[in-house]
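Structural overview
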Number of protein chains: 4
Amino acid sequence: MTDTTGPAVTSDAPITASDPIPTPVAPPPDILRCAYMELVVTDLAASRNFYVEVLGLVVTEEDEDTVYLRSLEEFIHHNLVLRKGPLAAVAAFSYRVRSPEELDKAVEFYTELGCRVVRRKDGFTKGLGDSVRVIDPLGFPYEFFYDVEHVERLAWRYELHTPGALVRLDHFNQVTPDVPRAVKFMEDLGFRVTEDIQDSEGTTYAAWMRRKPTVHDTAMTGGDGPRMHHVAFATHEKHNIIAICDKLGALRMSDRIERGPGRHGVSNAFYLYLRDPDGHRVEIYTQDYYTGDPDNPVVTWDVHDNQRRDWWGNPVVPSWYTEASLVLDLDGNPQPVVARTDTSEMAVTIGADGFSYTRPEDDAEALPSWKQGEYKLGHQL
Amino acid sequence: MTDTTGPAVTSDAPITASDPIPTPVAPPPDILRCAYMELVVTDLAASRNFYVEVLGLVVTEEDEDTVYLRSLEEFIHHNLVLRKGPLAAVAAFSYRVRSPEELDKAVEFYTELGCRVVRRKDGFTKGLGDSVRVIDPLGFPYEFFYDVEHVERLAWRYELHTPGALVRLDHFNQVTPDVPRAVKFMEDLGFRVTEDIQDSEGTTYAAWMRRKPTVHDTAMTGGDGPRMHHVAFATHEKHNIIAICDKLGALRMSDRIERGPGRHGVSNAFYLYLRDPDGHRVEIYTQDYYTGDPDNPVVTWDVHDNQRRDWWGNPVVPSWYTEASLVLDLDGNPQPVVARTDTSEMAVTIGADGFSYTRPEDDAEALPSWKQGEYKLGHQL
Amino acid sequence: MTDTTGPAVTSDAPITASDPIPTPVAPPPDILRCAYMELVVTDLAASRNFYVEVLGLVVTEEDEDTVYLRSLEEFIHHNLVLRKGPLAAVAAFSYRVRSPEELDKAVEFYTELGCRVVRRKDGFTKGLGDSVRVIDPLGFPYEFFYDVEHVERLAWRYELHTPGALVRLDHFNQVTPDVPRAVKFMEDLGFRVTEDIQDSEGTTYAAWMRRKPTVHDTAMTGGDGPRMHHVAFATHEKHNIIAICDKLGALRMSDRIERGPGRHGVSNAFYLYLRDPDGHRVEIYTQDYYTGDPDNPVVTWDVHDNQRRDWWGNPVVPSWYTEASLVLDLDGNPQPVVARTDTSEMAVTIGADGFSYTRPEDDAEALPSWKQGEYKLGHQL
Amino acid sequence: MTDTTGPAVTSDAPITASDPIPTPVAPPPDILRCAYMELVVTDLAASRNFYVEVLGLVVTEEDEDTVYLRSLEEFIHHNLVLRKGPLAAVAAFSYRVRSPEELDKAVEFYTELGCRVVRRKDGFTKGLGDSVRVIDPLGFPYEFFYDVEHVERLAWRYELHTPGALVRLDHFNQVTPDVPRAVKFMEDLGFRVTEDIQDSEGTTYAAWMRRKPTVHDTAMTGGDGPRMHHVAFATHEKHNIIAICDKLGALRMSDRIERGPGRHGVSNAFYLYLRDPDGHRVEIYTQDYYTGDPDNPVVTWDVHDNQRRDWWGNPVVPSWYTEASLVLDLDGNPQPVVARTDTSEMAVTIGADGFSYTRPEDDAEALPSWKQGEYKLGHQL
């Protein structure tokens, strides 16, 4: 890609951790894909309304305290669990592994790392069998499973599809203080970097990592953490995402729209960010690209490129950088949040001293007023 | 429409001018539609590149000083004229009338109003015959014509269509200090109001007016004027508008995107605002609704409804409210700009004292941070 | 348009009636647009299910014998009336006129022509006031009205929109033996031709005619008549039409799809033809072009051009040419059907002796096997 | 899935080969994905025009005899090679493997099977390194490679995208007489069945098989073979496919459209089939579903279900069943074609004695005339 139209492309991700987590001797489990997130919500009825009546996720099963939801092309029991609780938080980032035997590997891998590991033969949620939950070295509650109840894949059931039909769980996004350290650990777990955001001083602001051959199953976003930045569902087409916005407007719920819709630079996908009734962030996402070859080119974006997060240069709202959900330990208590010490992406791009460019050769802060972002504008008035 | 989902709907537009222009005795010309705008541009090559290479308008004819452009479904000679000049401005808002005889009516109508009127049998631009230009009572250079050279309608020439194909000129938008006065005059000229923005004190902030049965051929936007707010072209579908944004990103011209894409409350159309190399604003627009019945319901929006200008509640950037193009008199000199004395829409909605709501029953300023707009945010930091 | 890409374009429609209906001295009523069709259906529950549950039209009002339906952007009481009756047929093609006074003109116009005329101050259907019904000289039951109950325009009510949302009634299509005679009469009624299909011998096979500035409010299709060929509703985008097909598949009702989806040559619109439970044909249609100028170029297609009815050259099924709905007289009895004596479009294009071309210069019957149509193929096996 | 809306879903593919190829002791190479097809074309200029000027594939490199093309999201040298030759045919179905070492496995695997195997360290085409070509036990010329020249991934280069942008090579489709035998062999090679078409007597008519987690990298279609049925490229959205049809119409090349566009039952993708200047069949395809889990449910369709090949029940043209491209041996001579002895899908569904249904409970041949297919109709006239 030429300098004027896009990011640098390299054959691998030049991210080096200064404080790495040691690589275990035990091999990692063979992970297929991100499979579901367990969200603790404070008002189950409000959350159910948001995910089912507004967004159109399908209820596989529910009881007084829990709702199990799936997307329209899913055949496993659920992609999202809403569980009633006193504090809005994330109880699990759950991944499916290739076979039952991979759970043994997960136990060994995390045990060697000194992590807390809990295994339940009958699963932590309905619809699942043998499952392993851990608090990983980054502080996140991760789950692995293979055994799962099959349910009807509703791909052909167009009479159930809405204008904004969500067809797949696409990815998670995690906030962590030290991105290179997190990347190194996730590579040990078998993930590969597809894209990242860096600056010329070598700071890494975020990295996208995959198991299935899309741009990511999860991303590591620099910030105070461990926290959950968002969970993302895919639609087939861009108009589906627009339809979700239109419906939120009609329901006088447009204030749930935090950012977008827009086109990402990173991933090249069309996107929308919503906030659920507890403030959990949900992305709607469509049309990234195939990344399954081992030598898939890694795309590195300059943090000052104002098209990296929105290809159209539209400003990122500060809340998107600063707000995220707490995550829970295996006893249900919130994990403590550690502050990021590396430079913040918001500070270097839309803060008082930050700068961004549309064309690399332009002077710093040469953006027209409508592209400078809310934060920067604040200082100009 | 219920209170929670949309605007008030009334059987006519309750807009009253306190300082009306007298209605002429002479009947107005029978106007078919907005037909073309003549733009003066300071760098003809840059403007040609923007409208032809980037946006894909078709060159009907060109010479050293002028480029005549049309949209893909047009059969008259042009919808946009780019003329090289020393000062970026608008030389004419041009409308087609139903027959050659209507030009006599135009002369009488504006002459009775005391306006300057110039008629040229061979037209003011290539491709047109007998034409009348006037400076109307609001200070705008208006043109009327019937005779025009027919050219190929390229509707079926899909090999020429781009992903962002512009198929029709849709409307103009004018900035004028006294909206009720402008509306009354345009009604005398035969236009009808389809939608407007008001407040409970009776201030009118903007009004949309039509001849052809769409939401507008032109709109009157309250502000310092006479100035030209924007000229709008239509696409067939929403993805065409997204494709224009994507291409601007690829060309590292994303800073031409001022606002959007988004869904309008007013008009219900999907929109995007661009700024051309001289700063002239161009809207790309699709899918408003039929308004051709005499009793078409007028839709009145509350100025404090934050879905009125963007149905998704996304903030309007201040430049969109404050910046507009000068207009020229018939000698090519810029018309003086008169300040608006009525309340400004920006001030009452995103300024320090302004407020907006998503749900009418909510407290003022109850919007989440990401919906409060750039201007308001500036005061909070 | 060049010979290789499209049809002939002329400044007017060279259609001459050999047996014209005399032009009345009385002026015609000023018609705004096609407004609704009254369909007699034999199984009201089945029809209601088709139009409401499958196609998503909105019930304004209903009783034991009648269902009043409208499209999502409509503000008048209905666009379609389903009335239970013993014989599937069309009871009225109904048009809205510009003012109440136009009904007097309608009475005079048709009375002078010797037609049966019935006027009801309280309307023939619910939701309407003063209305005039006639049997026109071509044998069709036509209605005119102005007074109508306003209902909510659901354009902004996206929570009610389905993936295949029908937003407007677009047009009717009538089958009549003598197309030039019908065109001449409709021109007297104030309609204008926008496109037609002819051959080099001067036979006219079909003509499209408009009041509102789209390609048509009704079309005259050559065949045994008077019969109703179809009634058409518009969607915003092409994917909406595809969604209707997908839903019919999911409901195992795909046999309701008679032809398409495809792109028309005539009108340039994207289309789909369905058959309702009684066999009444419904078109779903989107994105034709503006035709409102008096000198709008008439597009004439060669009957042998195999892209005229489907721009992609896909064959037209014989049922589409031969089947149509009966129409009723003002007493509710079916009008007798008169056979067409002019050449049939089906015979000259897909019959044993017919021929079609993709490129005018190619030999007759040079089409590959997959483009020759079902009828022609039948003779080859 | 219930009986009325879709196919049977089973946990594995109940396809049993009566005359199986023995499973080699040597393990198969680890295949990533279908990567490119080498087509021999008789008029290189005509083929280049079709694939480059009409379909918009990108020329990576070309010389007098060969054109190397890629899709817009590809980063390897090519997805399609057009090579000039005396006879239209397929020279290679080429797959990328996970590492250079996998080529040794390929050599051993096919050598053990007694196949002819040729390895070239500098590749059979430009842009590739070490490659292995074989004639597989089914008679097809297969290629495997890892080393390849990287080129720019044009995903972000929207200024190069056309309305019908082809973004990925999606799959191949092969015609072979004995589908169960072919499936068994491909399973030995590491492929997995995702969907198939069978009848209640146990005949298998076609099967879809994948390496990457989409519905297929290749499919086995029952018929006289070995022949190449089609090669398929993906678009992002459905309107991209429609744009290709519209452009073909504008270029008066609509006779290149053989079948569609439509929605597949099998795969649930939106599709279009074209024929290139030599008659090679090209599919344009979008939006199938994720199949990467080991227990991905296999979908089995009844051969009599008329929604299996087109979800809307639109007839399949006979040419689509009967015509296919020859394949070459490693010396460039056409492989002999062996006749299918199992029942033909065309015969049992649209032939004189065949039947199809929309609803399983309906009587045989209960389809309305417009759904009976061209072949069947031929017998009725």
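As named in an unreviewed UniProt entry, chain A is 3,4-dihydroxyphenylacetate 2,3-dioxygenase, taken from Promicromonospora soli. The UniProt entry for chain A carries the following text under Cofactor (unreviewed entry): "Fe(2+)".

Of the residues lining the interface, 48 residues belong to chain B; the matching set on chain A comes to 47 residues. Here chain B meets chain A over a buried area of about 3,900 Å², counting both sides, of which 53% is carbon and sulfur. On the chain B side of the interface with chain A, the three residues burying the most area are Arg-252, Trp-312 and Trp-370 of chain B, jointly 24% of the side's total. Connecting chain B to chain A are six salt bridges.

The subject of this paragraph is the side chain of Arg-153 of chain B. Mapped onto the secondary structure, Arg-153 of chain B falls in the loop between strand 9 (141-145) and strand 10 (168-176). With no salt bridge to any partner, buried Arg-153 of chain B finds its closest opposite charge in Glu-74 of chain B, at an N-O distance of 5.6 Å. Side-chain polar atoms of Arg-153 of chain B contact the backbone oxygen of Tyr-290 of chain C, separated by 2.9 Å.

Right, let's talk about the interface of chain A and chain D for a bit. Between chain A and chain D, the residue contacts involve 42 residues of the former and 42 residues of the latter. If you look at where chain A meets chain D, you find 24 residue pairs in polar contact (both at pLDDT 80 or more).

Okay, the domain arrangement of chain A next. Residue and element names in this part refer to chain A. The assigned domain composition of chain A is domain 1 (23-154 + 162-331 + 342-349) and domain 2 (350-380). Centre-to-centre, using C-alpha coordinates, domain 1 lies 30 Å away from domain 2. Between domain 1 and domain 2, the residue contacts involve 17 residues of the former and 14 residues of the latter. Between domain 1 and domain 2, the buried area comes to about 1,200 Å², and carbon and sulfur atoms account for 52% of it. When residues of domain 1 are sorted by the area they lose upon contact with domain 2, His-304, Asn-306 and Thr-349 head the list and together hold 39% of the total. Taken together, domain 1 and domain 2 are joined by zero salt bridges. Here domain 1 is connected to domain 2 by 10 residue pairs in polar contact (both at pLDDT 80 or more). Elements with a contribution of two residues or more to the side of domain 1 that touches domain 2: helix 5 (318-322) and helix 6 (345-350).

A few words now on the relation of the copies chain A and chain D. For the pair chain A and chain D, the superposition axis carries a translation of 0.0 Å, the fit reaches an RMSD of 0.0 Å, and the rotation angle comes to 180°. Both copies of the chain, as the preceding transformation shows, are related through a two-fold rotation axis. Taking C-alpha positions as the reference, the residue of chain A nearest the rotation axis is Glu-237 of chain A, at 3.1 Å. Of all interface residues in chain A, 100% are interface residues in chain D too; the two copies therefore contact each other through one and the same surface.

Before going further, it helps to examine the pairing of strand 11 (residues 192-198) of chain A. All names here are of chain A. The buried count for strand 11 comes to six of seven residues, which makes it a mostly enclosed element. Bridging between strand 11 and strand 12 (residues 204-210) involves six bridges; their strand directions are antiparallel. Bridging across to strand 12, Glu-195 finds its partner in Trp-208. The antiparallel hairpin formed by strand 11 and strand 12 contains five residues in its connecting segment, where Gly-202 sits at a positive phi of about 95°. Note that strand 11 and strand 18 (residues 298-302) share four bridges and pair parallel. Paired with Glu-195 across the two strands is Val-299, which belongs to strand 18.

To continue, consider helix 3 (residues 179-188) of chain C. Residues and elements named next belong to chain C. Counting buried positions over the 10 residues of helix 3 gives seven, a clear majority of the element. Residues of helix 3 that are buried in the fold lie against helix 2 (102-112), strand 9 (141-145), strand 10 (168-176), strand 11 (192-198), strand 12 (204-210) and strand 13 (218-222). A positive phi of about 105° marks Gly-190, the residue just after helix 3.

What counts, and at which threshold
Residues numbered from 1 in each chain as written. Chains lettered and ligands numbered in written order. Predicted model: local features only at pLDDT ≥ 70, side-chain atom pairs only at ≥ 80, totals over all residues. Heavy atoms only, no water. UniProt positions renumbered as here; feature names shortened; annotations may be inferred. Contact = heavy atoms within 4.5 Å. Buried area = accessible area lost by both parts, 1.4 Å probe. Salt bridge = Lys/Arg side-chain N within 4 Å of Asp/Glu carboxyl O. Helix = DSSP H or I, 4+ residues; strand = E, 2+ residues; numbered from the N terminus. Buried < 20%, exposed > 50% of the residue type's maximum accessible area, 1.4 Å probe, protein only. Lys, Arg positive; Asp, Glu negative; His and termini not counted. Polar contact = N/O pair within 3.5 Å; in protein donor to acceptor, adjacent residues only side chain to side chain. Domains from an automatic or database assignment. Least-squares fit on C-alpha atoms with pLDDT ≥ 70 in both. Pairing = 2+ DSSP bridges.

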